[in-house]
Amino acid sequence: MRVTSTAAVAASREVPDADGVRRPGGEVHAWLPGQNQTLCGLPLSRTRLRRFPHVPFDYSGIDVLTEADPEGWVCPRCLAATSGRRDREKGWVRTNPRP
């Protein structure tokens, strides 16, 4: 299997969608298809995380999860691994310089 650079979702449980498609639920992590561990280093087989290669990991640090969402917790280490540096094209800029 080929390793891709687009992160998919691995979750602790699955929830059927209205159309019958399985969706992630519970604890959500990012993983690269073709590898046997999440981006934060958890082995998929030992932690019994289910793989969802059809669901991209497109969560951000400002997302708010409510009781209606099937995802209960998004791994902060996986968020940090997938977000990268957002301002690479702008470069470093001092916003409040000292006198």
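So, here's what we can say about the structure.

Each value, and the rule that gives it
Residues numbered from 1 in each chain as written. Predicted model: local features only at pLDDT ≥ 70, side-chain atom pairs only at ≥ 80, totals over all residues. Heavy atoms only, no water. Pairing = 2+ DSSP bridges. Helix = DSSP H or I, 4+ residues; strand = E, 2+ residues; numbered from the N terminus. Axes fitted to C-alpha atoms, helices over the stretch in contact; angles between N-to-C directions. Core = buried A, V, L, I, M, F, W, Y, C linked by side-chain atoms within 4.5 Å. Buried < 20%, exposed > 50% of the residue type's maximum accessible area, 1.4 Å probe, protein only. Contact = heavy atoms within 4.5 Å. Phe/Tyr/Trp six-rings, centres within 6.5 Å; stacked < 30°, edge-to-face > 60°. Salt bridge = Lys/Arg side-chain N within 4 Å of Asp/Glu carboxyl O.

The next point concerns the sheet that holds strand 2 (residues 22–31). In spatial order, the strands read 3-1-2-4; together these 4 strands make up an open sheet with mixed pairing. Looking along the sheet, the strands with just one partner apiece sit at the ends: strand 3 (50–56) and strand 4 (71–74). If you compare each strand with its neighbour and ignore which way they point, the axes differ by 35 degrees on average.

Membership of the largest hydrophobic core comes to 15 residues, with the highest contact counts inside it found for V9, V28, F57, Y59, V74 and C78. Listed by contribution, the elements that provide at least two residues to this core are strand 1 (8–16), strand 2, strand 3 and helix 2 (76–83). Residues in contact with V28, not counting those within four places in the same chain, are V9, A10, A11, F57, Y59, E71, W73, V74 and C75. In this structure, A8, A10, W31 and L49 belong to the second largest nonpolar core, which totals 5 residues.

Here the focus is the packing of aromatic side chains. Counted under the stated rule, the structure contains 1 aromatic pair. Ring plane angle 70 degrees and centroid distance 5.1 Å describe the contact between F57 and Y59, whose orientation is recorded as edge-to-face. By relative accessible area, which is 8% here, F57 ends up buried.

What follows deals with the pattern of salt bridges. This model, assessed by the stated rule, comprises 2 salt bridges. In this structure, R22 engages E14 in a salt bridge whose closest nitrogen and oxygen atoms are separated by 3.3 Å. Judged by relative accessible area, E14 falls into the partly exposed class, the value being 39%. Here R50 makes a salt bridge to E14, at a shortest N to O gap of 3.9 Å. Of this pair, R50 sits in strand 3 while E14 sits in strand 1, and the two are 36 residues apart along the sequence. Owing to a relative accessible area of 37%, R50 belongs among the partly exposed residues under this scheme. Put simply, E14, R22 and R50 are held in one network by salt bridges that share partners.

Structural measurements only, silent on function.
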